[in-house]
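# Descriptive analysis of the structure
Each chain is listed here by its residues.
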Amino acid sequence: MDDLIITAAISGAETTKAHNPHVPYTIDEMADAAYKAVQAGASIIHLHAREDDGTPTQDKTRYEAIIKAIRKRCGDVIIQPSTGGAVGMSREERVQVADLPIEMATLDCGTLNFGGDAIFVNTENDIIYFANRLYGKNIYPELECFEKGHIDMVMRLHKKGIIKKPMHFSFVLGVVGGMTGEARDFHFMRESIPKDATYSVVGIGKYEFSLAELAIKDGGHVRVGLEDNIYLEKGVLAEGNHALVEKVVAMAAKHGRSIATPKKAREILKMEAFDDAHIL
Ligand code: KMH
Ligand code: ZN
């Protein structure tokens, strides 16, 4: 099996310090959280920018400052800004990160309810727009699919030549309003992607570690982080993103999976064409 790629989703847009005081907001906090996650074994940092007071922002100047700070502390780690931003942001706000010299970014592949009155809107035309902007800048899209219909959308857009190979999916399961993250959900998603695609599981809340174990055993990859889950175990807050990464590393050791370096992760994801010229 390939080495295990661990992505750390260090900040998110919705989780706050009121949920877990270790959610990073400032540039220094972001760089520190990323550094500790990388030291623990993460090879990709999934990133949402925040203002110092925690307000989510897609402002490219803020992203640039955070990315530079992370790059300084974390060497060649893969930095994956989100184009999802926060619920309610416009296309133009969200897409700003595509103007930065980055090698990878999130592409959300469908709309879903997001709890309460919130709807995370990604229409077909939004997806086409984001895909064209990312590929146009030679940025590798991480295909976030929150349910099976989103995979169908990817395949439809692939047939039209809009979404291209190599394909790396993230199965984001357990969002309130989306698909749950039970084993049967994982298997359904897993069986629905092309044989030559790679994937990570993104288990929200209580699904974080059960999905991680399924993926580790299956040869897939894993994302953890305070964006997705604030607990190390039931009722115990994680003392930072690195604690969640450490738990996955221990799980991987139990199952005999080695951990991918950033260089190895680029090979596994076939990112050669999205080369270092993009790294800020
Ligand atoms: N914050 C959510 C609305 C992404 O990173 O692109 C969207 C999200 C997905 O987290
Ligand atoms: Zn995200």
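Everything numeric here is computed off the predicted structure, so don't read it as measured data.

Conventions and cut-offs
- Residues numbered from 1 in each chain as written.
- Chains lettered and ligands numbered in written order.
- Predicted model: local features only at pLDDT ≥ 70, side-chain atom pairs only at ≥ 80, totals over all residues.
- Heavy atoms only, no water.
- Phe/Tyr/Trp six-rings, centres within 6.5 Å; stacked < 30°, edge-to-face > 60°.
- Helix = DSSP H or I, 4+ residues; strand = E, 2+ residues; numbered from the N terminus.
- Buried < 20%, exposed > 50% of the residue type's maximum accessible area, 1.4 Å probe, protein only.
- Lys NZ or Arg CZ within 6 Å of the ring centre and 35° of its normal.
- Donors = N, O, S within 2.8 Å, 3.2 Å for Na, K, Ca; no water.
- Contact = heavy atoms within 4.5 Å.
- 1 Å grid on protein atoms, 1.4 Å probe; cavity = no way out; pocket = protein on both sides within 12 Å on 5 of 7 lines; lining within 4 Å.
- Points joined across faces, edges and corners; volume = space filled by probe spheres on them.
- Nonpolar A, V, L, I, M, F, W, Y, C, P; charged D, E, K, R; others polar.
- Axes fitted to C-alpha atoms, helices over the stretch in contact; angles between N-to-C directions.
- Left-handed = near helix turned anticlockwise from the far one by under 90°.
- Salt bridge = Lys/Arg side-chain N within 4 Å of Asp/Glu carboxyl O.

In this section: the packing of aromatic side chains. Counted by the stated rule, this structure contains six aromatic pairs. Considering the side-chain rings of Phe 186 and Tyr 199, the 5.9 Å spacing of their centres and the 55° angle between planes classify their relative orientation as tilted. With Phe 186 in helix α6 (residues 183-191) and Tyr 199 in strand β11 (residues 198-203), this pair connects stretches of sequence that are 13 residues apart. We classify Phe 186 as buried; its relative accessible area is 1%. Each member of the aromatic cluster is reached from another via a ring pair, and the members are Phe 114, Phe 120 and Phe 146. Stacked on the ring of Tyr 135, the Lys or Arg Lys 164 has its end atom at 5.2 Å from the ring centre.

The next point concerns the coordination of the zinc ion (ligand 2). All of the protein donors around the zinc ion (ligand 2) are His 46 (NE2), His 48 (NE2) and Glu 227 (OE); their distances to the metal are 2.1 to 2.2 Å. Donor residues for the zinc ion (ligand 2) sit on one chain with the sequence pattern H-x1-H-x178-E. Of this pair, His 48 sits in the loop between β2 (44-47) and β3 (49-50) while Glu 227 sits in the loop between β12 (221-224) and β13 (231-233); the two residues are 179 residues apart in sequence, bridging distant segments of the chain.

On to the side chain of Arg 62, then. With respect to the element layout, Arg 62 can be found in helix α2 (residues 60-74). We classify Arg 62 as buried; its relative accessible area is 13%. Ignoring sequence-local partners within four residues, the contact set of Arg 62 consists of Tyr 25, Thr 26, Ile 27, Ala 49, Arg 50, Glu 51, Asp 52 and Thr 57.

Turning our eyes to something else, we now look at the layout of surface pockets. In this model, the largest pocket occupies a volume close to 560 Å³. As for the largest pocket, its lining consists of 28 residues, of which Glu 14, Phe 114, Val 175, Ile 204 and Glu 227 are closest to the centre. Split by residue class, the lining of the largest pocket holds ten nonpolar, twelve polar and six charged.

Before going further, it helps to examine the packing of helix α7 (residues 208-218) against helix α8 (residues 241-254). In the contact formed by α7 and α8, the axes pass within 10 Å of each other and the chain directions differ by 35°. Viewed along their axes, α7 and α8 form a crossing whose handedness is right-handed. Residue-level inspection shows Glu 208, Phe 209, Ala 212, Glu 213 and Ile 216 of α7 in contact with α8, the latter providing Leu 244, Lys 247, Val 248, Met 251, Ala 252 and Lys 254. Of the residues in the contact of α7 with α8, the class split is seven nonpolar, no polar and four charged.

Take the pattern of salt bridges next. Tallied over the entire structure, the rule returns 20 salt bridges. Put simply, Lys 17 and Glu 29 hold a salt bridge, and the shortest N to O gap is 3.2 Å. You can see Lys 17 sitting in the loop between β1 (6-9) and α1 (27-40) and its partner Glu 29 sitting in helix α1, a full twelve residues away along the chain. Under the relative-accessibility criterion, Lys 17 is labelled partly exposed at 27%. With a closest N to O distance of 3.6 Å, Glu 267 and Lys 264 form a salt bridge. With Glu 267 and Lys 264 both in helix α9 (residues 262-268) and three residues apart, this pair spans about one turn of that helix. When salt bridges that share partners are traced, they join Lys 60, Asp 99, Arg 133 and Lys 137 into one network.

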